[in-house]
Amino acid sequence: MIKRFFKPQTSSGSTSSSPSLSSPSCPVINDNVNSTQPSDKDIILDSNLLKPDPGERKQISEFPPNLRDRVRRHYIQRGPCRPRNFIFPKTNFGGKLRHFNQEWFKTSYSGWLEYSIKEDAAFCLCCYLFKNEIGGYGKKVSDCFTKDGFRSWNKGIERLNAHVGEVNSAHNRCFKMMLDLSNQAQSILTSFDKQSEKTKSEYRVRLNASIDVARYLLKEGMPFQGHDERETSTRRGNFLDLLKWYADKKDDIKKVVLENAPKNDIMICP
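What counts as what
- Residues numbered from 1 in each chain as written.
- Predicted model: local features only at pLDDT ≥ 70, side-chain atom pairs only at ≥ 80, totals over all residues.
- Heavy atoms only, no water.
- Salt bridge = Lys/Arg side-chain N within 4 Å of Asp/Glu carboxyl O.
- Helix = DSSP H or I, 4+ residues; strand = E, 2+ residues; numbered from the N terminus.
- Buried < 20%, exposed > 50% of the residue type's maximum accessible area, 1.4 Å probe, protein only.
- Phe/Tyr/Trp six-rings, centres within 6.5 Å; stacked < 30°, edge-to-face > 60°.
- Lys NZ or Arg CZ within 6 Å of the ring centre and 35° of its normal.
- Core = buried A, V, L, I, M, F, W, Y, C linked by side-chain atoms within 4.5 Å.
- Contact = heavy atoms within 4.5 Å.
- Expected span 1.5 Å × (residues − 1).

Asks: Just to check I follow, could you spell out the pattern of salt bridges for this structure?
Replies: Between side chains of opposite charge, a pair can form when the charged atoms approach closely. Scanning the entire structure with this criterion turns up nine salt bridges. Put simply, lysine 176 and aspartate 180 hold a salt bridge, and the shortest N to O gap is 3.1 Å. Placement of both lysine 176 and aspartate 180 in helix 5 (residues 170-183) is noted, with a separation of four residues, approximately one turn of the helix. Residue class for aspartate 180 comes out partly exposed when judged on its relative accessible area of 39%. Between aspartate 248 and lysine 244 there is a salt bridge; the shortest N-O distance is 3.2 Å. Within this pair, aspartate 248 and its partner lysine 244 are both found in helix 8 (residues 238-249), separated by four residues, close to a single helical turn. Salt bridges sharing common partners tie together Asp69, Arg72 and Glu133.

See below:
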C-alpha cells in the first residue's frame with residue numbers, strides 16, 4: 001500500500017537532478033578567492049616623492065586624485081616644516097639685512113607656517129594641501145605661499161596677516177579642511193583602516209568564499225537554509241554544507257571560515 005505514495009529508492013543511487021556535495025558533479029568554484037583589485041590603501045606611495053622641504057614638493061594637483069588625501073594625511077601627520085638649529089640667511093632690503101624670524105613659529109601662525117631651506121622662503125601648509133579644493137566664492141589662494149614662497153622679510157607680519165585674511169578667507173577655509181581631515185584619525189573608518197593586513201586579508205578570503213557559495217546556490221535555484229543548522233546537525237542546509245565542503249578543499253579558506261572565523265564576522269547568514 002505504501003508504494004502507492006512513495007517510490008522506493010534503488011541501491012544504484014538517487015534519480016534526483018540536484019547535485020550531491022560528494023558526487024563528481026559538485027560545483028567548480030573559482031580558485032581566485034584572493035584575486036581582488038588593489039585598493040587605494042594597498043598602493044605604496046614613493047617616499048621620495050613626499051619631500052619634507054616645501055620648496056621641493058610636488059604640487060598636490062600633480063598626484064593622482066585617488067591618492068591626494070593620503071598625501072595630505074602624510075604631511076598633516078608630519079606637521080609644518082620647521083628647521084632647527086639653522087642659521088637663516090639674510091637678505092638686503094633697502095640697506096638693512098633681514099631674515100626669516102623663527103619666532104613666528106611660536107605665534108598664531110604656528111599651525112600652518114613652514115620654511116624652506118632650499119628656497120629661503122616661507123610657505124603655508126594648509127593652503128598647499130587644499131587650495132585647489134576650496135572652490136566657492138572669494139579670493140583664491142595665490143602661489144606666493146604655496147608654490148613660489150614668501151621672502152619679503154621686511155614686511156613679514158604685515159604679509160602673514162594679509163594671507164590669513166578674514167574669518168571666511170581662502171586660507172581659513174583651507175585651515176578648516178586640514179583640521180577636518182586630521183580629525184578623521186579618530187573616526188571609526190580610520191580605526192578600521194588601521195587593522196592589520198592579516199586581518200583584512202582573512203576578511204577578503206572569508207567574504208569571497210561566502211559569495212562564491214551563494215552564487216552557486218542562486219544559479220542552481222537551491223535553498224540556502226536547513227531545518228537544523230546547529231553544529232551537531234548532519235544536514236545543516238545547502239549553504240553551510242557547501243561552505244564546509246569548500247573549506248575542506250582549501251586550507252587557506254578553512255583557516256578563516258565557520259568555527260575559525262571571528263564570532264562577530266562569520267558571514268553565514270546570507
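Asks: How do you make sense of the packing of aromatic side chains when you look at a structure like this?
Replies: The geometry of an aromatic ring pair is captured by two quantities: the separation of the ring centres and the angle between the planes. If you walk through the whole model with that rule in mind, you get 15 aromatic pairs. Consider the rings of phenylalanine 88 and tyrosine 115, whose centres lie 4.7 Å apart with planes at 85 degrees: the pair is edge-to-face. Separated by 27 residues along the polypeptide, phenylalanine 88 in the loop between helix 1 (68-78) and strand 1 (91-93) and tyrosine 115 in strand 3 (residues 113-116) bring together distant segments of the chain. For phenylalanine 88, a relative accessible area of 8% puts it in the buried group. Given a relative accessible area of 0%, tyrosine 115 falls into the buried group. With a centroid separation of 6.3 Å and 45 degrees between ring planes, the pair formed by tryptophan 104 and tryptophan 153 is classed as tilted. Of the two residues, tryptophan 104 is situated in the loop between strand 2 (96-98) and strand 3 and tryptophan 153 in the loop between helix 3 (144-148) and helix 4 (156-164); the sequence distance between them amounts to 49 residues. Residue tryptophan 104 is classed as buried on the basis of its relative accessible area, which comes to 8%. Classification of tryptophan 153 as buried rests on a relative accessible area of 5%. Three or more aromatic residues link up through ring pairs in this structure, and these residues are Phe86, Phe88, Phe100, Trp104, Phe105, Tyr115, Phe145, Phe150 and Trp153. It is arginine 57 that lies over the ring of tyrosine 75; its NZ or CZ is 4.5 Å from the centre.

Asks: Looking at this structure, how should I read the nonpolar core?
Replies: Most often, soluble globular proteins keep nonpolar side chains buried together rather than apart. In terms of nonpolar packing, the biggest core is built from 34 residues, with Phe100, Trp112, Leu113 and Leu129 touching the most fellow members. Looking at which element gives the most residues to this core, the answer is helix 2 (residues 125-130), with six residues. Each residue touching tryptophan 112, except ones within four places of it in the same chain, is listed here: Pro80, Phe123, Cys124, Leu125, Cys126, Leu160, His163, Val164, His171 and Phe175. Counting residues in each nonpolar core, the second largest holds 19 residues, with Ala209, Leu243, Ile253 and Leu258 among its members.

Asks: Honestly, helix 8 in this entry has me stumped. Any pointers?
Replies: Since the α-helix advances by 3.6 residues per turn, residues separated by three or four positions end up pointing in the same direction. Taking 1.5 Å of rise per residue, twelve residues should cover 16 Å, and helix 8 covers 16 Å from first to last C-alpha, within 8% of that figure. Counting buried residues in helix 8 gives nine out of twelve residues, a clear majority hidden from the surface. Restricting attention to buried positions, one finds in helix 8 the residues Asn238, Phe239, Leu240, Asp241, Leu242, Leu243, Trp245, Tyr246 and Ala247.

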